[in-house]
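Next come the chains, spelled out residue by residue.
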Amino acid sequence: MTEEQRLAILKGALTDEERAAFLKIIQEGDLVGVSPTQVLLHGPTKRLVNTYHWHSPNKGIVASYTPTDRDVEDHFGIFRGVDQVESFAQASIVSCGTFLECRKQNCTPDQLMGKFIPAFISIGQVNFHYYLESGDTYICLANIKFYKWRQMVCDGRIYKVPKDLDIDKYFSDFTEERLLKYDISKDFRLVAELFDITGRAILIELFKKNE
Amino acid sequence: MERQEILEGLLEVLRTVRTIDPARLEGVTEETDFLTDLSAPSTELINIAAKVEHKFGIEFEDDDIDRMGSKVKDVIDLIILVKARGENK
């Protein structure tokens, strides 16, 4: 993203009413019903999350994405494993970390964007079990293992979603206990297991100190 | 609290860090670097910081961690800074 694009996003700020409503969600609610376009502001053309279906701010999240033809271009129609990791990170450490930092600072993600850049710190083990093609919808189930000093560590899994399933409805009564046990229907097909996916919101000034 | 006393406390913390070979802790000085001299993974610095908080009864701010260097003296400086900040509150 160019500096001009970043500033344009910051300039295209929410109205006072929209900001107040978003702040109420941040302080009292969760990400279900919030568009990832309002949370994942860095690299909008590389956003790999469509919808948040379940969220417990201190415990974890369930989010979905459906790869497009552009996502699988030049890769045999298959969604790359590395993009699955990126998608999982966006759904988990970036979305959940942004939400908690906004709650702490009582601000919205666009205001945070001027201060921090979300960055990968580490990727632990990743095991792939199956593949995803363009048009396949998958979910990321992420469990927050650690969060402190703007650094978050998540474990989780990616599952291919059964055709025509209403994901919002399926996860409407989901619980933290079920998340920890990956307690979902066997109709979901395990695609990947991810361990110790770690990211941190780093001060922009530290990124640019060597420029 | 003197720097030597903090260093000894820090060594106690480091002995509990699984990824640091105890043999490397012999002869640690303030110039020792966690990453290059002790071969600690960079991700371990956060765990060390968390253990240091507990050991010294202090609380780091987010910005403290942003600016923390990877040498023993950087952590000692930070502990002294945070302790002084707590005493001035």
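This text follows the structure it describes.
The structure reproduced in this document is the subject of the present report.

What counts as what
- Residue numbers restart at each chain and count upward from 1, following the sequence in its written direction.
- Working convention: letters from A go to chains and numbers from 1 go to ligands, in the order in which they are written.
- This being a predicted model, a pLDDT of at least 70 is required before a residue's local features are given, and a value of 80 or more before pairs of side-chain atoms are given or counted; all residues contribute to the totals for chains, interfaces and linings.
- Only DSSP runs of H or I with at least four residues qualify as helices, and only runs of E with at least two residues qualify as strands; both kinds are numbered from the N terminus onward.
- Atoms counted for the radius of gyration: C-alpha only. Globule rule: 2.2 Å times residue count to the power 0.38.
- With C-beta atoms placed from the backbone, a residue is buried if 20 or more other C-beta atoms are within 10 Å of its own, exposed if 12 or fewer are, and partly exposed between those counts.
- The contact criterion used is a C-beta to C-beta distance within 7 Å, with each C-beta placed from the backbone.
- Note that Gly is not counted as nonpolar here; it falls among the polar residues with everything else outside the nonpolar set of Ala, Val, Leu, Ile, Met, Phe, Trp, Tyr, Cys and Pro and the charged set of Asp, Glu, Lys and Arg.
- Here a nonpolar core is just a set of buried residues of the types Ala, Val, Leu, Ile, Met, Phe, Trp, Tyr and Cys, joined wherever their C-beta atoms sit within 7 Å.
- Expected helix span is given by 1.5 Å per residue-to-residue step, counting one fewer step than there are residues.
- Arc, as used here, means the arc of the directions from the helix axis to the C-beta atoms.
- At least two DSSP bridges between two strands are required for those strands to pair.
- To get the bend at any residue, fit one axis to the seven residues that end at it and another to the seven that begin at it, then take the angle between the two axes.
- Note on geometry: axes are C-alpha line fits, over the in-contact stretch for helices, and angles between N-to-C directions span 0 to 180 degrees.
- Put simply, angles under 35 degrees are roughly parallel, angles over 145 are roughly antiparallel, angles from 65 to 115 are roughly perpendicular, and the rest are oblique.
- Each crossing gets its handedness from the near helix: less than a right angle anticlockwise from the far helix is left-handed, clockwise is right-handed.

1. So, the overall build of chain A
- Counting secondary structure elements, chain A contains 8 helices and 7 strands.
- Taken against the 2.2 N^0.38 rule, which gives 17 Å for 211 residues, the C-alpha radius of gyration of chain A at 17 Å falls within 12% of a compact globule.
- Referenced to the eigenvectors of the C-alpha coordinate spread, the extents of chain A come out at roughly 45 × 40 × 30 Å.
- Looking at chain A as a whole, 32% of its 211 residues are labelled buried.

2. Some details on the interface of chain B and chain A
- Each partner contributes to the interface: chain B provides 7 residues, whereas chain A provides 9 residues.
- Among the secondary structure elements, those contributing two or more residues to the side of chain B that touches chain A are helix H2 (44-56) and helix H3 (62-67) of chain B.
- By residue number, the principal contributor to the side of chain B that touches chain A is H3(B), which donates 3 residues.
- Among the residues forming the side of chain B that touches chain A, the class breakdown is 4 nonpolar, 1 polar and 2 charged.

3. Notes on the nonpolar core
- Of all hydrophobic cores here, the largest spans 41 residues; its most connected members are Ile61(A), Ala63(A), Phe88(A) and Cys140(A).
- Contributing elements (two or more residues each) for this core: helix H2 (16-28), strand S1 (51-56), strand S2 (60-65), helix H4 (81-105), strand S5 (138-148), strand S6 (151-160) and strand S7 (189-203) of chain A.
- A total of 8 residues in this core trace back to one element, the largest contributor, which is H4(A).
- With residues up to four places along the chain from it excluded, the contact list for Phe88(A) reads Cys140(A), Ala142(A), Gly156(A), Ile158(A), Leu194(A) and Ile197(A).
- Counting 15 residues, the second-largest nonpolar core is a separate cluster that includes Val13(B), Leu14(B), Leu45(B) and Ile46(B).

4. A closer look at the environment of Asp69(A)
- With respect to the element layout, Asp69(A) can be found in helix H3 (residues 69-72).
- Along the primary structure Asp69(A) and Gly114(A) are separated by 45 residues, whereas in three dimensions their C-alpha atoms are 32 Å apart.

5. Examining helix H1 (residues 3-14) of chain B
All names here are of chain B.
- Taking 1.5 Å of rise per residue, 12 residues should cover 16 Å, and H1 covers 16 Å from first to last C-alpha, within 8% of that figure.
- Taken as a whole, H1 has its buried residues at Ile6, Leu10, Val13 and Leu14. Buried residues in H1, looked at end-on, bunch into an arc of 95 degrees, giving them a common side. Opposite its buried face, H1 presents the exposed residues Gln4, Glu5, Glu8, Leu11 and Glu12, each directed more than 90 degrees away.
- Looking at the packing, one finds that the buried side of H1 touches H2 and helix H4 (72-88).

6. Examining unusual backbone geometry
All names here are of chain A.
- Unlike most non-glycine residues, phenylalanine 76 shows phi in positive territory, near 60 degrees.
- By secondary structure assignment, the location of phenylalanine 76 is in the loop between H3 and H4.
- Note on phenylalanine 76: 9 C-beta atoms within 10 Å, which makes it exposed.
- One non-glycine residue, tryptophan 149, adopts positive backbone phi at about 50 degrees.
- Tracing the backbone shows tryptophan 149 in the loop between S5 and S6.
- Overall, tryptophan 149 belongs to the partly exposed group, with 19 C-beta atoms counted inside 10 Å.

7. Quick word on the pairing of S2(A)
All names here are of chain A.
- In terms of burial, S2 is largely enclosed, as 6 of its 6 residues are buried.
- Burial along S2 is two-sided: Gly60, Val62 and Ser64 and Ile61, Ala63 and Tyr65, pointing in opposite directions, are all buried.
- Direction of pairing for S1 relative to S2: antiparallel, over a ladder of 5 bridges. By the bridge assignment, threonine 51 is partnered in S2 with serine 64.
- Linkage of S1 to S2, two consecutive antiparallel strands, is achieved through a turn of 3 residues.
- Across 6 bridges, S2 lies against S5 in antiparallel orientation.

8. Notes on H4(A)
All names here are of chain A.
- The terminal C-alpha atoms of H4 lie 34 Å apart, and with 25 residues this matches the ideal 36 Å at 1.5 Å per residue to within 8%.
- Taking the largest bend as the criterion, H4 deviates by roughly 35 degrees, centred on alanine 89.
- Directly after H4, the chain includes asparagine 106, whose backbone phi takes a positive value near 50 degrees.

9. Regarding the packing of H1(B) against H4(B)
Residue and element names in this part refer to chain B.
- Remark: H1 packs on H4, axes separated minimally by 10 Å, with the N-to-C direction vectors making an angle of 115 degrees. In terms of axis orientation, H1 runs roughly perpendicular to H4. Of the two possible hands of crossing, H1 and H4 adopt the one that is right-handed. Residues Arg3, Ile6, Leu7 and Leu10 of H1 form the contact with H4, whose own contacting residues are Val72, Val75, Ile76 and Ile79.

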